[in-house]
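Fold and contact review
Each chain, letter by letter, is given below.
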Amino acid sequence: IALLREKGAQSEIDVIQGKGCVEAEGTEGKEKSLTKIALLREKVAKSAYFLPSFDAEKSMKTCDLLEKKARGREVFNDFNAEDAVDERAGKTKKFSFAKSKTMKKAFAEKTTTDFSGKGADDKTSPSSAAVIEMLQKKHRATNGLLVVRENKEGETILLTSEECDGKDVTIERLTRCEVTIESCANRRPRSVRMRNLVECEIKATDIDGSAYVENMSDTIAFIGSRQLRIHDATKCQFYCRVASGPIIERCQAVEFAPLLSSENDGKEDDNLWNKVEDFGWIKQEHSPNWSVIEEKDRVY
């Protein structure tokens, strides 16, 4: 779901830029561009919870830039009628140095205004990261299909199948914790997001949808899901069963092994645990950022 939303938002950004909507002339064209950008910003906001913070923040910044560009056209349009023709000579008027300074100053003032109405250099203006965090908190408050465990240290955490059935589970800001997310029969979490975990052990062996990892270190995770996306992980082990190859980005020293059948109800078919794609490694050679755990070194 997150990938579809991310691709959908990016395709709309490409359409807006490709068709030159942000360069539309006149008030009507500018308003049309701003309307499209507002709709795009709304789509990004709705997807903020499901996307990694880096992708969500990048999308929000792109919306900001598109809006600034659209509003910037108004500045140039204000000078078109006055500067286009020298009525006395009947020739195109040469651009004056003094006027150039005026235009640059006006354009700078226009483009430093963000969507909240405050200057981009205003210290009180919210950053994209702050906006994303606010949207995620709003999602938590309004979405009844969300289970959260956060801000724990040295604890054993059990989330039952009844508690997680059909819900999005988030575990974040945990240190030296053992977390088990149970599932049985047809009761399983819809998705699991793991963020800011240090020296933890995670068991989530039957997730109906996707598992997301962001900012994890010195942690071992047992994951069974359709998809596994890992961002900013260091010195972690993943025992997994996935329907598509795990995706890693900005990771170092991450290791993979297949999930034991006893941990995944005997399901062994189509496990693509070792088809890892490193989005930060474009060379033909094997990425140095991940490796397979030798059988003698596996925990089972």
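Predicted model only: the values in this text are computed from it and were never measured.

Brief notes about the overall build of the protein
Across its full length, the protein holds 6 helices and 13 strands. Residue burial in the protein is summarised as follows: out of 300 residues, 41% are buried. Relative to all contacts within the protein whose residues are 6 or more apart in sequence, the contacts with residues 24 or more apart total 40%. Accessible surface for the protein amounts to roughly 16,700 Å². Of this, 50% is attributable to carbon and sulfur atoms.

Things to note about the pairing of strand S8 (residues 220-225)
Among the 6 residues in S8, 6 count as buried, and that is most of the element. What you see with S8 is no split at all: Ile220, Phe222 and Gly224 on one side and Ala221, Ile223 and Ser225 on the other are buried throughout. By the bridge criterion, 4 bridges tie strand S6 (residues 201-204) to S8 in an arrangement that is parallel. Opposite Lys203, over in S8, you have Phe222 as the bridge partner. As paired elements, S8 and strand S9 (residues 227-242) share 6 bridges and run parallel to each other. Considered in S9, the bridge of Phe222 is made with Tyr239.

Brief notes about the confidence of the model for the protein
Looking at the protein, the pLDDT average stands at 75 and 60% of residues meet or exceed 70. Taken as a whole, residues 74-101 scores under 50 in pLDDT and shows 26 contacts with residues more than four places along the chain or in a different chain.

Topic: the side chain of Asn271
Mapping Asn271 onto the fold places it in the loop between strand S11 (252-258) and strand S12 (277-278). The class of Asn271 is buried, set by a relative accessible area of 14%. A polar contact of 3.2 Å, which involves the side chain of Asn271, links it to the backbone nitrogen of Val242. Within the structure, the side chain of Asn271 is placed 3.2 Å from the backbone nitrogen of Trp273, a separation counted as a polar contact. Those residues in contact with Asn271, other than ones at most four positions away along the chain, are Cys240, Arg241, Val242, Pro258 and Leu259.

Quick notes on the pairing of strand S7 (residues 210-217)
Extensive coverage of S7 is indicated by the burial of 6 of its 8 residues. Across 6 bridges, the pairing between strand S5 (residues 191-198) and S7 is parallel. Bridge assignment links Val192 to a residue of S7, and that residue is Ala211.

Observations concerning the environment of Leu158
Within the element layout of this structure, Leu158 appears in strand S2 (residues 156-159). Along the backbone, Leu158 and Val179 are 21 residues apart, and their C-alpha atoms lie at a distance of 6.0 Å. The contacts of Leu158, once residues within four sequence positions are left out, are Glu163, Thr180 and Glu182.

Considering the state of the cysteines
Applying the stated rule across the entire model yields 0 disulfides. Free of any disulfide, Cys177 has its nearest cysteine sulfur in Cys200, 5.0 Å distant. Judged by its relative accessible area of 1%, Cys177 is buried.

Here's the deal with the pattern of salt bridges
Oppositely charged side chains are able to pair whenever their charged atoms sit close together. All chains considered together, the criterion is met by 12 salt bridges. Arg250 is paired through a salt bridge with Asp232; the nearest N and O atoms lie 3.0 Å apart. With a gap of 18 residues between them, Arg250 in the loop between strand S10 (247-249) and S11 and Asp232 in strand S9 connect regions that are remote in the sequence. Arg250 gets classed as partly exposed once you look at its relative accessible area, which sits at 35%. Note that Glu249 and Arg250 form a salt bridge whose closest N and O atoms lie 3.4 Å from each other. Given the relative accessible area of 19%, Glu249 is considered buried. Connected through salt bridges with shared partners, the residues Glu150, Glu172, Arg173 and Arg195 form a single ionic network.

Notes on the nonpolar core
One broad trend across soluble globular proteins is that nonpolar side chains are buried collectively. In terms of nonpolar packing, the biggest core is built from 36 residues, with Met194, Ile223, Leu228, Ile230, Phe238, Val254 and Phe256 touching the most fellow members. The greatest single-element share of this core, amounting to 7 residues, is contributed by S9. Residues within four places of Val254 in sequence aside, it is in contact with Ala233, Cys236, Phe238, Ile248, Asn289, Trp290 and Ser291. Counting 8 residues, the second largest nonpolar core, distinct from the first, contains Leu34, Leu40, Met60 and Cys63.

Things to note about a nonpolar patch on the surface
On the surface, a cluster of nonpolar side chains totalling about 250 Å² of accessible area is made up of Leu260, Val299 and Tyr300. Looking at the element boundaries, Val299 is found in the segment after strand S13 (290-292). In this structure Val299 comes out as exposed when scored by relative accessible area, which is 51%.

What about unusual backbone geometry?
Leave glycine aside and you will find that most residues have negative phi; peptide bonds, for their part, are mostly trans. In this model, Arg173 sits at a positive phi of 55°, which is unusual for a non-glycine residue. Owing to a relative accessible area of 33%, Arg173 belongs among the partly exposed residues under this scheme. The residue Lys235 is not glycine, and still its phi comes out positive at about 55°. Residue placement: Lys235 occurs in strand S9.

Each value, and the rule that gives it
- Residues numbered from 1 in each chain as written.
- Predicted model: local features only at pLDDT ≥ 70, side-chain atom pairs only at ≥ 80, totals over all residues.
- Heavy atoms only, no water.
- Helix = DSSP H or I, 4+ residues; strand = E, 2+ residues; numbered from the N terminus.
- Buried < 20%, exposed > 50% of the residue type's maximum accessible area, 1.4 Å probe, protein only.
- Contact = heavy atoms within 4.5 Å.
- Areas by Shrake-Rupley, 256 points an atom, 1.4 Å probe, with all protein chains shown as cover.
- Pairing = 2+ DSSP bridges.
- pLDDT = per-residue confidence, 0-100.
- Polar contact = N/O pair within 3.5 Å; in protein donor to acceptor, adjacent residues only side chain to side chain.
- Disulfide = S-S within 2.5 Å.
- Salt bridge = Lys/Arg side-chain N within 4 Å of Asp/Glu carboxyl O.
- Core = buried A, V, L, I, M, F, W, Y, C linked by side-chain atoms within 4.5 Å.
- Patch = residues over 30% accessible without salt bridge, like charges linked within 9 Å, V, L, I, M, F, W, Y side chains within 5 Å.

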